[in-house]
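Residue-level structure breakdown
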2 protein chains.
Amino acid sequence: MRLSKFHLRTEKETPADAEIVSHQLMLRAGMLRKLAAGLYTWSPLGLRVLRKVEGIVREEMNRAGAIELQMPTIQPRELWEETGRWQKFGGQLLKIKDRKEAEYCYGPTAEEVITDFARQEINSYKQLPVNFYNIQTKFRDEIRPRFGVMRAREFLMKDAYSFHIDDESLKAEYQNMYDAYSRIFTRLGLKFRAVFADTGAIGGSASHEFHVLADSGEDAIAFSDGSDYAANVELAEAVSPGERAAASETMRKVETPTQKTCEDVAALLGIPLQRTVKSVAIMGADAEGDAQFVLALVRGDHGVNEIKLAKLPGLAEYRLATEAEILEHLGSEPGFLGPVKPAKAIRIIADRSVAAMHDFVVGANEPGYHIAGVNWGRDLPEADDVADIRNVLAGDPSPCGQGTLGIARGIEVGHVFALGRKYSEAMKCTVLDANGKAATPAMGCYGIGVSRIVAAAIEQNHDDAGIVWPDAMAPWQVAVCVINPKNDATVAAAAQALYDELNAAGVETVLDDRGLRPGAMFADIELIGIPHRVVVSERGLAAGTFEYRARRASEAESLDRDALMQRLTAR
Amino acid sequence: MRLSKFHLRTEKETPADAEIVSHQLMLRAGMLRKLAAGLYTWSPLGLRVLRKVEGIVREEMNRAGAIELQMPTIQPRELWEETGRWQKFGGQLLKIKDRKEAEYCYGPTAEEVITDFARQEINSYKQLPVNFYNIQTKFRDEIRPRFGVMRAREFLMKDAYSFHIDDESLKAEYQNMYDAYSRIFTRLGLKFRAVFADTGAIGGSASHEFHVLADSGEDAIAFSDGSDYAANVELAEAVSPGERAAASETMRKVETPTQKTCEDVAALLGIPLQRTVKSVAIMGADAEGDAQFVLALVRGDHGVNEIKLAKLPGLAEYRLATEAEILEHLGSEPGFLGPVKPAKAIRIIADRSVAAMHDFVVGANEPGYHIAGVNWGRDLPEADDVADIRNVLAGDPSPCGQGTLGIARGIEVGHVFALGRKYSEAMKCTVLDANGKAATPAMGCYGIGVSRIVAAAIEQNHDDAGIVWPDAMAPWQVAVCVINPKNDATVAAAAQALYDELNAAGVETVLDDRGLRPGAMFADIELIGIPHRVVVSERGLAAGTFEYRARRASEAESLDRDALMQRLTAR
């Protein structure tokens, strides 16, 4: 492609309404043009990148044995009623009436449509397992679309759905897709993590999210430095600490007139934060279902994990206790709460790390006072429950047993999900099994946000000059920049020859023959992130050299033609 | 691809609700699955064909210098208000409200979006000409969707839009696109015609429709057997006949008691239909704009062309005359009307072929009578207007001067259109011209119905056994059919080797390893239209041969391996 014949339109200024760097750079590079809230036109440059991603996704899905089909974007209400999602899906579902007042939605996902397809197309276990995928425009009516294509309303998604005669087959395909996704993100050249995920509201038995790592990511991920373990911070297990040491201090009341937080108390007493215990008062239910006051204890430097807490008996629908409830059960106002001698009988839940503490500090249940030198068994009974109820921290040992946890931020770009029979049951999709009996197939679903990957890749790969594409996503691998092409036919011809030679060698090359000044030309080529730049100039030709610079390199090099070709074709 | 791993599901029965052969065969071959009215899922088999078409369209658009981008499917009302089409487009426009009650439509076409893109992206004539294209899902809310993907509501379209500083540049691009379209349909292996079209309601200066020829086509096309001239029957010019011969009969009244049509009169009198003249009474306007009674005359074997008639002065909004108006001006009831001695002064418009007639027969303006031996000048004044007001017939000389016209039926699959400045003016899209002044660019638009082509190709290419794909559209070029693969490892291995060899040689081959009986297997392969079939059997292997049959051939042949490979790779 010659840039003079390509519609490239870059901008120097950072657009005021773009909040994150990928959105800013995509607008500056002219990859996108906003049409309306959450709706973007992909310019020729943007589309080249989008197609690179789409192509790799398709190749690896095919390699994994999935079969591509194409479902309509518009889906009839009737199918969504069968699963109850017409109501349950919420405001993101864009509902539409046609000229005959029949109701439809713009598909945000396609479990209903594919299950309807399967119940008509698949009769026998002999047709299973099968995995259908679709690369198609989706729509979610986000309440606040923003961040460009990172959270657009209309977006390009690869969604796949597998059907299985039994759970074992589903498990195998789940692993197959997990591996395919790993290949996809590896080929794209992205740093990523497969993250064990909560199965959440969709329902299902296993789930991993694939995250592109980037400081700007919305999700915090805990990952091991010694294995491929990774989990959402909310889900990562905090491993059991060692044995509890023996008491060495006596219990004593200490004055803490204005110190209501563990940090303040530790500072006042001159002890490490790790010696303090935070008491969180909540209301749960006892075995009979009656309201029960609960004190949840975590170490002063830890945070309570609400998801873990809610998994304990009686806490599925817990809430924070009111000041009145706290006063009734502990006889104190918040800020000075603790498990020692409560006013009434309460349930005490200790995080595993708290249960292992000795000589610790808690609130005295009396305004202005804490108690130091507290020890389990001696000063208060052992806790009613000991459980993992805290968030992991960087530096914690990895629950997989190998390495230490780090915390990174990630952008979710893929999701594999063992759905089980939720949709096939609701929609009465059955097949005949080997015994000729009707069986409900198990399902998996596997999504990739194709357009979102483009933005996520930029969040991960950019510098002050602009985008730094991984090779596999770059619109072109090489830019041949011509100095003064209009006034120097020799230089123009040499550049054209090099451009032809590179393309003939299978290196996707663009010729910048626009005749811009070198500074403006180089700025454009850097901004749009071309991995390799070659400058053809009169001076270089006289010396028999080309100026070569990798996008990530700090300096340019002079290479003769053979060295240059070797460098560019050997990649 | 091995068919045992591919989701192929054919049906023997013709579906009751499919009216046309392409829809029937697409359902029987399992290419489509209906989701709702006018909404279809493309199965893996169907999608393979659709992608073949899409690929060729993309290649030729790129070759022609057009640049691909991608617009959203959802378009904001505001842009459609700028051109007035939010109201004018009619019921086919699927209107949508989002959760904030903002209004959108599902794009049926994208003139507004691309003009909005251009007015932001293009500042200078130096960026012109440019041609942007998009291969994207479109939606038209057809009142009666039918015929499968021939008239679906959601469909795949390639739409291109070009921008030009002047009309000359538009003209050149129009020709460029015309040539690209010709290459596309030629490469697809379809018999087609580029048809000069009426510019219709969209407004514009030049337009050609590309029609795939098929007996079931909705449109009648007149085409020359001696050139590439083709036009919609309504638009094809009927060339001037020769000179008028001298009168040889005397005018006489003949009794035609019940004969009201030219056919009946000619039969009664024992003369050729070509000697009779049909008189059509209409109401137009005179030069002052007052209502004017008009008698339009065409030869008995010709039909009045309403489009041509309406182009004459005073007839832009003509209507048929009422019986009262006919009685007032001609003194007779319909069925016996004629131009001789009307009761009142009327305007007479003669088709050119009528003006060249002599000794002809017309109605006598008296119930039960016609007049024979009528001659212009002698029996009635020369007509007020002589013009081309008839439809052409097969056998007419071509208006291009070369060859004779035939009439064929066609399915419109493409359209090139010189739009002029309709959209750029309405949307205030301007660029700076060479003098630094704001200029409104001229536009062209160029559409191809990608999904419709699949159906049209089947309408043109099928037989009793099923679809007969042109090579370029076939899901695979070759099917290797294995007889009894489960019980005969030698045959299975030989088939696998042949399959591998063909794919390695670049021949897209499918292996039918499903283990069906030969009859059922061959029926499937014929139904889905694979151009070349090879059968691997124990008997063949013993003789060192393979059974080969082209889809269009009446008989199979036995070929040894070399001859087979030569046949299949030489295509």
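Residues numbered from 1 in each chain as written. Chains lettered and ligands numbered in written order. Predicted model: local features only at pLDDT ≥ 70, side-chain atom pairs only at ≥ 80, totals over all residues. Heavy atoms only, no water.

By the naming in an unreviewed UniProt entry, chain A is Proline--tRNA ligase, taken from Lysobacter hankyongensis. UniProt annotates chain A under Subunit (unreviewed entry) with the comment "Homodimer." Heading Subcellular location (unreviewed entry) of the UniProt record for chain A holds this comment: "Cytoplasm". (UniProt positions renumbered as here; feature names shortened; annotations may be inferred.)

In the superposition of chain A on chain B (RMSD 0.1 Å, axial shift 0.0 Å), the rotation amounts to 180°. In symmetry terms, the pair is related by a two-fold rotation axis. For chain A, the smallest separation between a C-alpha atom and the rotation axis is recorded for Ile96 of chain A, amounting to 2.9 Å. Here 100% of the interface residues in chain A have copies in chain B that are interface residues too; the copies meet face to matching face. (Least-squares fit on C-alpha atoms with pLDDT ≥ 70 in both. Contact = heavy atoms within 4.5 Å.)

This part covers the pattern of salt bridges. Two side chains that carry opposite charge are able to pair once their charged atoms sit near each other. Residue and element names in this part refer to chain B. A full pass over the atoms with the stated rule returns 96 salt bridges over all chains. The closest approach of N and O atoms between Glu11 and Arg9, which form a salt bridge, is 3.6 Å. Taking the relative accessible area as the measure of exposure, Glu11 reaches 33% and is therefore partly exposed. (Salt bridge = Lys/Arg side-chain N within 4 Å of Asp/Glu carboxyl O. Buried < 20%, exposed > 50% of the residue type's maximum accessible area, 1.4 Å probe, protein only.)

With that settled, the discussion passes to the pairing of strand β21 (residues 405-420) of chain B. Residue and element names in this part refer to chain B. In terms of burial, β21 is largely enclosed, as 12 of its 16 residues are buried. Examined bridge by bridge, strand β10 (residues 206-213) and β21 share eight bridges and lie antiparallel to one another. Among the inter-strand pairings, His211 is bridged to a residue of β21, identified as Glu412. Of the strand pairs in this sheet, strand β11 (residues 219-224) and β21 are connected by six bridges, and their pairing is antiparallel. Across the sheet, residue Ile221 finds its bridge partner in β21, namely Ala408. Where β21 and strand β24 (residues 442-449) come together, six bridges link them in antiparallel fashion. Paired with Gly420 across the two strands is Met443, which belongs to β24. (Helix = DSSP H or I, 4+ residues; strand = E, 2+ residues; numbered from the N terminus. Pairing = 2+ DSSP bridges.)

Glancing now at the packing of aromatic side chains. Counting across every chain of the model gives 23 aromatic pairs over all chains. Ring centres of Phe117 of chain A and Phe132 of chain A lie 5.4 Å apart, and the angle between their planes is 90°; on these two criteria the pair is classed as edge-to-face. Separated by 15 residues along the polypeptide, Phe117 of chain A in helix α5 (residues 111-121) and Phe132 of chain A in strand β7 (residues 130-139) bring together distant segments of the chain. This pair shows no difference in class: Phe117 of chain A is buried, exactly as Phe132 of chain A is. Pairing Trp80 of chain B with Phe89 of chain B gives two aromatic rings, centres 5.5 Å apart and planes at 85°, and the pair type is edge-to-face. When its relative accessible area of 22% is taken as the criterion, Phe89 of chain B is described as partly exposed. Put simply, the rings of Tyr178, Tyr181, Phe185, Phe192 and Phe210 of chain A touch in pairs and so form one group of aromatic residues. Over the ring of Tyr369 of chain A we find Lys253 of chain A; its NZ or CZ atom is 4.7 Å from the centre of that ring. (Phe/Tyr/Trp six-rings, centres within 6.5 Å; stacked < 30°, edge-to-face > 60°. Lys NZ or Arg CZ within 6 Å of the ring centre and 35° of its normal.)

So, on to the sheet that holds strand β18 (residues 360-363) of chain B. Residue and element names in this part refer to chain B. Sheet architecture is open: three strands sit in the order β13-β19-β18, paired in antiparallel fashion. In this open sheet, the two edge strands, each paired with only one partner strand, are β13 (252-255) and β18. Strand after strand, the sheet turns through a mean of 30° between neighbouring axes, direction not considered. Pairing of β18 with strand β19 (residues 369-374), which is carried by three bridges, proceeds in the antiparallel orientation. The partner of Gly363 across the bridge, within β19, is His370. (Axes fitted to C-alpha atoms, helices over the stretch in contact; angles between N-to-C directions.)

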